[in-house]
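Topology and contacts: notes
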Amino acid sequence: LMPTLILGESDAGPPTVLNQLSKISLDFRIVSETHDVNGIIDKTTCVAKILGVKDELLDLKIRELHSDIENLKKAKILDKNKKKILLILMMKGTSPIIAGSNTAGDGFIKMIGSLNAFNDVEGWKPVGTESILSADPDVIIVTERGFSGFKNTDDFLAQSGLSLTKAGRAGALIIADTMEMLGFGPRTLSIASKISSQIQSQ
(Lines give C-alpha, C1' and ligand atoms only; values in the text may rest on other atoms or scores of the structure.)
Protein backbone atom coordinates (compact mmCIF):
# COMPACT_ATOMS: atom_id res chain seq x y z
CA LEU A 1 0.00 0.00 0.00
CA MET A 2 3.06 2.26 0.33
CA PRO A 3 1.74 4.49 3.16
CA THR A 4 3.72 7.59 4.10
CA LEU A 5 2.04 7.95 7.51
CA ILE A 6 0.57 5.44 9.96
CA LEU A 7 -1.51 6.56 12.93
CA GLY A 8 -1.99 4.17 15.83
CA GLU A 9 -3.19 4.13 19.42
CA SER A 10 -1.38 3.07 22.56
CA ASP A 11 -2.64 -0.52 22.28
CA ALA A 12 -1.43 -0.91 18.67
CA GLY A 13 0.37 -4.14 17.91
CA PRO A 14 1.60 -6.80 17.74
CA PRO A 15 5.02 -5.69 19.03
CA THR A 16 6.92 -7.49 16.24
CA VAL A 17 5.08 -5.43 13.62
CA LEU A 18 5.72 -2.18 15.50
CA ASN A 19 9.40 -3.11 15.72
CA GLN A 20 9.56 -3.69 11.96
CA LEU A 21 7.86 -0.36 11.29
CA SER A 22 10.35 1.47 13.50
CA LYS A 23 13.22 0.19 11.33
CA ILE A 24 11.96 1.62 8.05
CA SER A 25 11.73 5.25 6.98
CA LEU A 26 8.03 5.62 7.68
CA ASP A 27 6.25 8.28 9.74
CA PHE A 28 4.56 6.27 12.50
CA ARG A 29 2.66 8.18 15.21
CA ILE A 30 0.93 6.97 18.36
CA VAL A 31 -2.14 9.04 19.25
CA SER A 32 -2.92 9.11 22.97
CA GLU A 33 -6.43 8.24 24.05
CA THR A 34 -8.68 8.50 27.09
CA HIS A 35 -12.21 7.14 27.04
CA ASP A 36 -14.16 10.29 27.85
CA VAL A 37 -15.41 13.45 26.16
CA ASN A 38 -12.12 15.29 26.76
CA GLY A 39 -10.26 12.42 25.13
CA ILE A 40 -12.36 12.84 21.98
CA ILE A 41 -11.50 16.55 21.80
CA ASP A 42 -7.81 15.84 22.41
CA LYS A 43 -7.66 13.05 19.82
CA THR A 44 -9.42 15.14 17.18
CA THR A 45 -7.02 18.04 17.81
CA CYS A 46 -3.97 15.74 17.75
CA VAL A 47 -4.90 14.07 14.44
CA ALA A 48 -5.78 17.42 12.87
CA LYS A 49 -2.36 18.83 13.83
CA ILE A 50 -0.56 15.78 12.43
CA LEU A 51 -2.45 16.04 9.14
CA GLY A 52 -1.96 19.79 8.88
CA VAL A 53 -5.66 20.66 8.96
CA LYS A 54 -6.28 24.40 8.77
CA ASP A 55 -6.99 26.06 12.13
CA GLU A 56 -10.38 27.41 11.00
CA LEU A 57 -11.55 23.93 9.97
CA LEU A 58 -10.32 22.44 13.23
CA ASP A 59 -12.02 25.20 15.22
CA LEU A 60 -15.29 24.48 13.38
CA LYS A 61 -15.07 20.77 14.18
CA ILE A 62 -14.23 21.44 17.84
CA ARG A 63 -17.27 23.73 18.12
CA GLU A 64 -19.43 20.97 16.64
CA LEU A 65 -18.04 18.50 19.16
CA HIS A 66 -18.72 20.86 22.07
CA SER A 67 -22.30 21.19 20.80
CA ASP A 68 -22.57 17.37 20.78
CA ILE A 69 -21.23 17.30 24.35
CA GLU A 70 -23.91 19.76 25.47
CA ASN A 71 -26.62 17.62 23.80
CA LEU A 72 -25.29 14.57 25.60
CA LYS A 73 -25.32 16.40 28.93
CA LYS A 74 -28.97 17.35 28.39
CA ALA A 75 -29.87 13.75 27.60
CA LYS A 76 -28.17 12.57 30.81
CA ILE A 77 -29.96 15.18 32.93
CA LEU A 78 -33.31 13.90 31.65
CA ASP A 79 -32.43 10.35 32.69
CA LYS A 80 -32.92 10.34 36.48
CA ASN A 81 -32.60 6.57 36.91
CA LYS A 82 -29.25 5.15 35.88
CA LYS A 83 -29.66 1.82 34.14
CA LYS A 84 -27.29 -1.12 34.32
CA ILE A 85 -25.72 -1.80 30.92
CA LEU A 86 -24.13 -4.95 29.51
CA LEU A 87 -21.93 -4.04 26.54
CA ILE A 88 -20.89 -6.92 24.26
CA LEU A 89 -17.98 -6.56 21.86
CA MET A 90 -18.28 -9.94 20.14
CA MET A 91 -19.30 -13.54 20.67
CA LYS A 92 -16.86 -16.36 21.37
CA GLY A 93 -19.12 -19.29 20.54
CA THR A 94 -22.16 -18.54 22.66
CA SER A 95 -20.13 -16.69 25.32
CA PRO A 96 -20.13 -12.90 25.01
CA ILE A 97 -16.90 -10.89 25.26
CA ILE A 98 -18.05 -8.08 27.54
CA ALA A 99 -16.73 -4.66 28.52
CA GLY A 100 -15.30 -4.66 32.02
CA SER A 101 -13.65 -1.69 33.70
CA ASN A 102 -10.85 0.26 31.98
CA THR A 103 -12.11 -0.44 28.46
CA ALA A 104 -13.51 1.77 25.72
CA GLY A 105 -16.85 0.07 26.38
CA ASP A 106 -16.74 1.03 30.04
CA GLY A 107 -15.84 4.60 29.07
CA PHE A 108 -18.78 4.72 26.68
CA ILE A 109 -21.22 3.44 29.32
CA LYS A 110 -20.02 6.09 31.76
CA MET A 111 -20.16 8.79 29.08
CA ILE A 112 -23.88 8.14 28.54
CA GLY A 113 -24.47 8.33 32.29
CA SER A 114 -25.23 4.65 32.88
CA LEU A 115 -23.77 1.89 35.05
CA ASN A 116 -21.56 -0.94 33.81
CA ALA A 117 -23.08 -4.29 34.81
CA PHE A 118 -19.55 -5.74 34.91
CA ASN A 119 -17.64 -2.89 36.50
CA ASP A 120 -15.95 -5.41 38.84
CA VAL A 121 -14.34 -7.20 35.86
CA GLU A 122 -11.09 -5.83 34.43
CA GLY A 123 -10.76 -5.47 30.66
CA TRP A 124 -12.58 -7.30 27.87
CA LYS A 125 -13.51 -10.75 29.15
CA PRO A 126 -15.66 -13.72 28.08
CA VAL A 127 -18.41 -14.38 30.63
CA GLY A 128 -20.85 -17.23 31.10
CA THR A 129 -24.62 -17.17 31.26
CA GLU A 130 -24.71 -17.58 35.06
CA SER A 131 -22.57 -14.47 35.58
CA ILE A 132 -24.77 -12.47 33.21
CA LEU A 133 -27.96 -13.66 34.91
CA SER A 134 -26.46 -12.66 38.25
CA ALA A 135 -25.62 -9.18 36.93
CA ASP A 136 -29.10 -8.98 35.33
CA PRO A 137 -28.60 -5.89 33.12
CA ASP A 138 -31.46 -3.51 32.29
CA VAL A 139 -30.16 -2.89 28.75
CA ILE A 140 -27.81 -4.82 26.45
CA ILE A 141 -25.69 -3.02 23.86
CA VAL A 142 -24.00 -5.23 21.25
CA THR A 143 -21.73 -4.21 18.42
CA GLU A 144 -22.76 -4.95 14.83
CA ARG A 145 -19.82 -7.34 14.69
CA GLY A 146 -21.09 -9.26 17.71
CA PHE A 147 -24.63 -9.40 16.32
CA SER A 148 -23.68 -10.32 12.75
CA GLY A 149 -23.81 -14.11 13.17
CA PHE A 150 -27.45 -14.16 14.29
CA LYS A 151 -30.69 -14.07 12.30
CA ASN A 152 -32.51 -11.48 14.40
CA THR A 153 -32.90 -10.10 17.92
CA ASP A 154 -34.84 -13.11 19.21
CA ASP A 155 -32.24 -15.52 17.80
CA PHE A 156 -29.42 -13.55 19.45
CA LEU A 157 -31.12 -13.42 22.85
CA ALA A 158 -32.12 -17.10 22.76
CA GLN A 159 -28.77 -18.55 21.64
CA SER A 160 -26.73 -16.43 24.07
CA GLY A 161 -29.05 -17.14 27.01
CA LEU A 162 -29.61 -13.41 27.43
CA SER A 163 -33.37 -13.80 26.96
CA LEU A 164 -33.54 -14.68 30.67
CA THR A 165 -32.16 -11.32 31.80
CA LYS A 166 -34.27 -8.27 32.61
CA ALA A 167 -33.03 -6.69 29.37
CA GLY A 168 -33.83 -9.83 27.37
CA ARG A 169 -37.36 -10.12 28.74
CA ALA A 170 -38.01 -6.47 27.87
CA GLY A 171 -36.34 -6.71 24.47
CA ALA A 172 -33.98 -3.92 25.53
CA LEU A 173 -31.25 -4.67 22.98
CA ILE A 174 -29.35 -1.95 21.14
CA ILE A 175 -27.10 -2.75 18.16
CA ALA A 176 -24.36 -0.21 17.40
CA ASP A 177 -21.54 0.32 14.92
CA THR A 178 -18.33 -0.83 16.60
CA MET A 179 -15.98 2.01 15.62
CA GLU A 180 -18.64 4.69 15.90
CA MET A 181 -19.29 3.69 19.50
CA LEU A 182 -15.86 2.54 20.70
CA GLY A 183 -13.45 4.50 18.49
CA PHE A 184 -13.77 7.63 20.66
CA GLY A 185 -13.49 9.83 17.59
CA PRO A 186 -15.75 12.62 16.29
CA ARG A 187 -18.69 10.24 15.66
CA THR A 188 -18.76 8.80 19.18
CA LEU A 189 -20.53 11.76 20.79
CA SER A 190 -23.40 11.60 18.28
CA ILE A 191 -24.05 7.91 18.83
CA ALA A 192 -23.72 8.43 22.59
CA SER A 193 -26.60 10.93 22.51
CA LYS A 194 -28.64 8.60 20.31
CA ILE A 195 -28.10 5.57 22.54
CA SER A 196 -28.72 7.62 25.69
CA SER A 197 -32.14 8.55 24.28
CA GLN A 198 -32.83 4.93 23.33
CA ILE A 199 -31.98 3.76 26.84
CA GLN A 200 -34.38 6.27 28.36
CA SER A 201 -37.17 4.88 26.21
CA GLN A 202 -36.52 1.25 27.23
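A quick note: this is a predicted structure, and the numbers were derived from the prediction, not measured.

Here we come to the overall build of the protein chain. Summing up its helical and strand segments, the protein chain has 10 helices and 8 strands in all. Expressed as a percentage of the 202 residues in the protein chain, the buried residues total 42%. For the protein chain, the share of sequence-separated contacts (at least 6 apart) that also reach a separation of at least 24 residues comes to 64%. Of the roughly 11,100 Å² of accessible surface on the protein chain, a fraction of 53% belongs to carbon and sulfur atoms. Of the side chains in the protein chain, 23 bear a positive and 24 a negative charge, and the two mean positions are spaced by 1 Å.

Relative to the elements of secondary structure, Ile175 occurs in strand E8 (residues 173-176). Its relative accessible area of 38% is what places Ile175 among the partly exposed residues. A C-alpha to C-alpha distance of 14 Å links Ile175 and Ile98, two positions 77 residues apart in sequence. Leaving out residues up to four positions away in the same chain, Ile175 has contacts with Val142, Thr143, Glu144 and Phe147.

Quick look at unusual backbone geometry now. One non-glycine residue, Asn102, lies in positive phi territory at about 60 degrees. Mapped onto the fold, Asn102 is located in the loop between strand E4 (95-99) and helix H4 (104-111). In this model, Phe184 sits at a positive phi of 45 degrees, which is unusual for a non-glycine residue. Here Phe184 is to be found in the loop between helix H9 (178-182) and helix H10 (188-201).

Another point: the pattern of salt bridges. All chains considered together, the criterion is met by 8 salt bridges. Residue Asp27 pairs with Arg29 through a salt bridge whose shortest N-O separation is 2.7 Å. Among the ionic pairs, Glu64 bridges to Lys61, the shortest N-O distance being 3.0 Å. In this pair, Glu64 and Lys61 both sit in helix H3 (residues 55-78), 3 residues apart, roughly one turn of the helix. On the basis of relative accessible area, Lys61 is assigned to the partly exposed category, the value being 31%. Several salt bridges converge on common partners, so that one network encompasses Glu9, Glu33 and Lys43.

Turning to a nonpolar patch on the surface, a few remarks are in order. Side chains of Leu7, Leu51, Val53 and Leu57 sit close together on the surface and give an oily, nonpolar patch of about 330 Å² of accessible area. Relative to the elements of secondary structure, Leu51 occurs in helix H2 (residues 37-51).

Glancing now at H10. The end-to-end C-alpha separation of H10 is 20 Å, in line with the 20 Å expected for 14 residues at 1.5 Å each. Looking at H10, one finds that the buried residues are Thr188, Leu189, Ile191, Ala192, Ser193, Ile195, Ser196 and Ile199.

It is worth spelling out the confidence of the model for the protein chain at this point. Chain-level statistics for the protein chain give a pLDDT mean of 91 and a share of 98% at 70 or above. Predicted confidence in the protein chain is weakest over helix H1 (residues 15-22), with a mean pLDDT of 81, and strongest over strand E7 (residues 139-143), with 97.

Both faces of the sheet carry side chains from a regular strand, because those side chains alternate between them. Within E4, 4 of the 5 residues are buried, which leaves the element mostly enclosed by the surrounding structure. Examined bridge by bridge, strand E3 (residues 84-92) and E4 share 4 bridges and lie antiparallel to one another. Bridging from a neighbouring strand, Lys92 pairs with Ser95 of E4. Hairpin geometry of E3 and E4 is characterised by an intervening segment of 2 residues between the two adjacent antiparallel strands and by a positive phi of about 75 degrees at Gly93. Two elements, E4 and strand E6 (residues 124-126), share 3 bridges in a ladder whose sense is antiparallel. When the sheet's bridge partners are listed, Ile97 is paired in E6 with Pro126.

Calculation rules
Residues numbered from 1 in each chain as written. Predicted model: local features only at pLDDT ≥ 70, side-chain atom pairs only at ≥ 80, totals over all residues. Heavy atoms only, no water. Helix = DSSP H or I, 4+ residues; strand = E, 2+ residues; numbered from the N terminus. Buried < 20%, exposed > 50% of the residue type's maximum accessible area, 1.4 Å probe, protein only. Contact = heavy atoms within 4.5 Å. Areas by Shrake-Rupley, 256 points an atom, 1.4 Å probe, with all protein chains shown as cover. Lys, Arg positive; Asp, Glu negative; His and termini not counted. Charge placed at Lys NZ, Arg CZ, Asp CG, Glu CD. Salt bridge = Lys/Arg side-chain N within 4 Å of Asp/Glu carboxyl O. Patch = residues over 30% accessible without salt bridge, like charges linked within 9 Å, V, L, I, M, F, W, Y side chains within 5 Å. Expected span 1.5 Å × (residues − 1). pLDDT = per-residue confidence, 0-100. Pairing = 2+ DSSP bridges.

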